[in-house]
Amino acid sequence: MKKINFTLLVLAFAVLTSFTLRNESGYEIGSVATDFNLKNIDNKNVSLKDFKDAKGFIVIFTCNHCPYAVAYEDRILALDKKYKALGYPVIAINPNNPDKQKEDSFEKMQVRAKEKGFTFPYLFDDGQKIYPQYGATKTPHVYVLQKTSKGNIVQYIGAIDDNYSDESAVKVKYVEDAVDALLNNQDVKIKTTKAIGCSIKF
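Residues numbered from 1 in each chain as written. Predicted model: local features only at pLDDT ≥ 70, side-chain atom pairs only at ≥ 80, totals over all residues. Heavy atoms only, no water.

Novice: So what about the overall build of the protein chain? Which residues, and what values?
Specialist: Across its full length, the protein chain carries five helices and ten strands. Taking all 202 residues of the protein chain together, the buried fraction comes to 45%. For the protein chain, long-range pairs separated by at least 24 residues make up 75% of all intrachain contacts whose partners lie at least 6 apart in sequence. Accessible surface, the protein chain as shown: approximately 11,100 Å² in total, 56% of it carbon and sulfur. (Helix = DSSP H or I, 4+ residues; strand = E, 2+ residues; numbered from the N terminus. Buried < 20%, exposed > 50% of the residue type's maximum accessible area, 1.4 Å probe, protein only. Contact = heavy atoms within 4.5 Å. Areas by Shrake-Rupley, 256 points an atom, 1.4 Å probe, with all protein chains shown as cover.)

Novice: I'd like a rundown of empty space enclosed by the protein, residues and numbers included.
Specialist: The full count for this structure, using the stated rule, is one cavity of 30 Å³ or more. Of the voids in this model, the largest cavity is the one considered here, and its volume is about 60 Å³. As for the largest cavity, its lining consists of Thr 62, Cys 63, Ala 69, Glu 73, Ile 76, Ala 92, Phe 118, Phe 120 and Tyr 122. It is helix 2 (residues 67-83) that provides the largest number of residues to the lining of the largest cavity, a total of three residues. (1 Å grid on protein atoms, 1.4 Å probe; cavity = no way out; pocket = protein on both sides within 12 Å on 5 of 7 lines; lining within 4 Å. Points joined across faces, edges and corners; volume = space filled by probe spheres on them.)

Novice: Provide a residue-level description of the state of the cysteines, including the pertinent values.
Specialist: Enumeration according to the criterion identifies one disulfide in this entry. Between Cys 66 and Cys 198 runs a disulfide, and the two sulfur atoms are separated by 2.2 Å. Measuring handedness by torsion sign, the sulfur bridge of Cys 66 and Cys 198 sits at about 85 degrees and is right-handed. Of this pair, Cys 66 sits in the loop between strand 4 (56-61) and helix 2 while Cys 198 sits in strand 10 (residues 198-199), placing them 132 residues apart in sequence. A single burial state applies to Cys 66 and to Cys 198, both of which are buried. Cysteine Cys 63 is unpaired, with the sulfur of Cys 66 as its nearest cysteine sulfur at 5.0 Å. Residue classification places Cys 63 among the buried residues on the basis of a relative accessible area of 2%. (Disulfide = S-S within 2.5 Å.)

Novice: Requested: an account of the nonpolar core, with residues and values cited.
Specialist: With 29 residues, the main nonpolar core has Ile 58, Val 144 and Val 175 as its most contacted residues. For this core, the secondary structure elements donating two or more residues are strand 4, helix 2, strand 5 (90-94), helix 3 (106-116), strand 6 (122-124), strand 8 (141-148) and helix 5 (174-183). With six residues, helix 5 is the single largest residue contributor to this core. Residues in contact with Val 175, not counting those within four places in the same chain, are Ile 58, Leu 79, Val 142, Val 144, Tyr 156, Ala 159 and Ile 160. Counting residues in hydrophobic clusters, the runner-up holds 22 residues, among them Phe 36, Val 46, Phe 57 and Ile 91. (Core = buried A, V, L, I, M, F, W, Y, C linked by side-chain atoms within 4.5 Å.)

Novice: Residue-level account of the sheet that holds strand 4, with values.
Specialist: The pairing of strands in a sheet comes from backbone hydrogen bonds and takes either a parallel or an antiparallel form. Spatial strand order, 1-9-8-4-5-6-2-3: eight strands in an open sheet with mixed pairing. Each of the sheet's edge strands pairs with one partner strand only, and the pair in question is strand 1 (32-33) and strand 3 (45-46). Pairing of strand 4 with strand 8 involves six bridges; the strand directions are antiparallel. Its bridge partner being in strand 8, Phe 57 is matched across the sheet by Leu 145. Along the sheet, helix 5 makes contact with strand 4, strand 8 and strand 9 (151-158), crossing strand 8 at roughly 5 degrees. (Pairing = 2+ DSSP bridges. Axes fitted to C-alpha atoms, helices over the stretch in contact; angles between N-to-C directions.)

Right, dumping it as structure tokens:
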């Protein structure tokens, strides 16, 4: 009897541990993403609820200094240009601690956004409270959310496309394919990919 009870205890601990670890790793496909209230480069706070007419969001954790993030800046601008009018605006969030990476300070975010002509919110995750909720680990790291009656549902997680170094050599545009599918009331075929980029500085 004692042996059986011990075995059940071990199994229960294993299940609880796996559940806890999975939750700590962030959102999964089908998760409901909680809203946030973060400072934008114009010094005004931005929340998802501010976008009344949005059908969803392309949330991208990115930054100033990372060469991967820099390589994707024009593509992120193109995503916003293409999909904002269709109801899926880009929301960029800098998750890095500026004490660890000076190039990612709020003031330098403002400078970079002006230099590149960002057309989307570029928010500062002050205190680094939001990126762990999502489970972001890289810059860039993308989460496509679909607005529903149940909340903003995560429908895609991962990379923007399959070639960060050469846009002309891209074969699969993961984010575009995901948003196009949602706009056409279709299931997203590729739901997760590996985010390629710099590790988040905390």
